[in-house]
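Structural overview for review
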Amino acid sequence: MRARTGMIGMGLFLLAGCGSDAAAVPPPPAPPPVVTALPASIAGGACVLLDYAAIEETTGTRFTVAAAMEHQKTRTCVVQDEGASRPDLVLSLTATGADQGVFTSEMVPKGATTVKELGKGAYRSTTAPAGDDGAAAEVGWLTGEGRLVTLRYTFPVGPERSAADELAPKLVELARQVAPKVADFPK
């Protein structure tokens, strides 16, 4: 009996020792949170027409957040990088009864360059920085479905108009990727 009591005592002693060693070892650190990048389309509205990867591939700018808005006949999507207001890219679609003649004479900015093979008529233009707005590049086109579509990239304050001039052809390329999606977008 004494041997058993001694063995039980020894076992408890060993267990107690293990417990104190285990308490001295800190628990492993919690794994870092998993951050899931949500697509621009999650914002709904006109944002379903934009894709962050396509924007980055064509413009060289990575955007991470999107917001959609609808006001009267215009649907808009703005994409930016989280925590920064510029640069931004704005896509807007407005229902219109304008034909190609009205588009060309009334809606194309003065000094814009004509863009071929985009909608019923299209242009690209750039602007110099002004006030709190950086330089900007814009592509606009008239669709066969009666919409005026614009895609405008605005730089942060700093870069000159030459940066917008350099970006404008890339924005045309992005517009050509967006255009087929616009045709299927509900009015």
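One can find the structure itself at the top, above this paragraph.
For the structure given in this document, a descriptive report is provided here. For every chain, the first residue of the written sequence is number 1, and numbering continues from 1 onward in sequence order. Local features in this predicted model are restricted to residues of pLDDT 70 or higher, and side-chain atom pairs are both shown and tallied only at a pLDDT of 80 or more, whereas totals for entire chains, interfaces and linings draw on every residue. Only hydrogens and water are removed before side-chain values are computed, so all heavy atoms of the structure are retained for them.

Turning our attention to the sheet that holds strand E4 (residues 113-114). Only when DSSP finds a minimum of two bridges between them are two strands counted as paired. We count a stretch as a helix when DSSP gives it H or I for four or more residues in a row; a strand needs E for two or more, and each element gets its number in order from the N terminus. One open sheet holds the seven strands; their spatial order is E1-E2-E3-E7-E6-E5-E4, and the pairing between them is antiparallel. Each end of this open sheet is capped by a strand with a single partner; those strands are strand E1 (65-71) and E4. Here two bridges tie E4 to strand E5 (residues 121-127), and the two strands are oriented antiparallel to one another. Bridge pairing in E5 places Thr-114 opposite Tyr-123.

Next up on the list: the state of the cysteines. Note on terminology: disulfide denotes any pair of cysteine sulfur atoms within 2.5 Å. For the structure shown, the criterion picks out one disulfide. Between the sulfur atoms of Cys-47 and its disulfide mate Cys-77 the distance is 2.0 Å. Here Cys-47 and Cys-77 share a disulfide; its torsion about the S-S bond, 100°, makes the bridge right-handed. Here Cys-77 lies in strand E2 (residues 74-80) and Cys-47 lies in the loop between helix H1 (2-24) and helix H2 (52-59), a separation of 30 residues in the sequence. For every residue, the accessible area (1.4 Å probe, protein chains only) is compared with the maximum for its type, and the residue is labelled buried under 20%, exposed over 50%, or partly exposed between those bounds. You can call Cys-77 buried: its relative accessible area is 0%.

Right, let's talk about the pairing of E1 for a bit. With seven bridges connecting them, E1 and E2 associate as antiparallel partners. Residue pairing for E2: Ala-66 is matched across the bridge by Val-79. The antiparallel pairing of E1 with E2 creates a hairpin that spans two residues between the two strands, and Gln-72 there sits at a positive phi of about 50°.

To continue, consider unusual backbone geometry. The amide bond that connects Arg-86 to the next residue, Pro-87, takes the cis arrangement and shows omega of 5°. At Gln-72, a position not held by glycine, the phi torsion is positive, near 50°. Summarising the element assignment, Gln-72 is placed in the loop between E1 and E2. Even without glycine at this site, Glu-117 takes up a positive phi of about 60°. Looking at where Glu-117 falls in the secondary structure, it is placed in the loop between E4 and E5.

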